[in-house]
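# A structural walkthrough
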Amino acid sequence: MKKSKIWRVKGFEGAFSDEELIELIWSGELKPDYAITTREMKKWVKLKDSIYQYYMEAREDETV
């Protein structure tokens, strides 16, 4: 099954799948103030204001 690459990140080249976007968040490459969009969206949305904020919070709550 092909992963759909629908997300664009302001300042980054190319498009990303949901899984790739989550990996970039977990790796720390994407910060809460970075903006994302899709072709269907009319504006850019900050990651901290999107459904992806969950993945940022999940990493902050983890303890080693």
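Values in this document were obtained by computation on a predicted structure and should not be read as measured data.

### A few points about the overall build of the chain
Assigned secondary structure in the chain consists of two helices and three strands. Reading the chain from its N end, one meets helices and strands in the order β-α-β-β-α. Sequence-distant contacts, at least 24 apart, represent 36% of the contacts inside the chain between residues at least 6 apart. As displayed, the chain offers around 5100 Å² of accessible surface, 51% of which is attributable to carbon and sulfur atoms.

### With respect to the nonpolar core
Counting twelve residues, the largest nonpolar core consists of Trp7, Val9, Phe16, Leu21, Ile22, Leu24, Ile25, Leu30, Ile36, Leu47, Tyr52 and Met56. Top contributing element to this core by residue count: helix 1 (residues 18-27), with four residues. When near neighbours in sequence (up to four residues on either side) are disregarded, Ile22 contacts Tyr52 and Tyr55.

Quick notes on the rules
Residues numbered from 1 in each chain as written. Predicted model: local features only at pLDDT ≥ 70, side-chain atom pairs only at ≥ 80, totals over all residues. Heavy atoms only, no water. Helix = DSSP H or I, 4+ residues; strand = E, 2+ residues; numbered from the N terminus. Contact = heavy atoms within 4.5 Å. Areas by Shrake-Rupley, 256 points an atom, 1.4 Å probe, with all protein chains shown as cover. Core = buried A, V, L, I, M, F, W, Y, C linked by side-chain atoms within 4.5 Å. Buried < 20%, exposed > 50% of the residue type's maximum accessible area, 1.4 Å probe, protein only.

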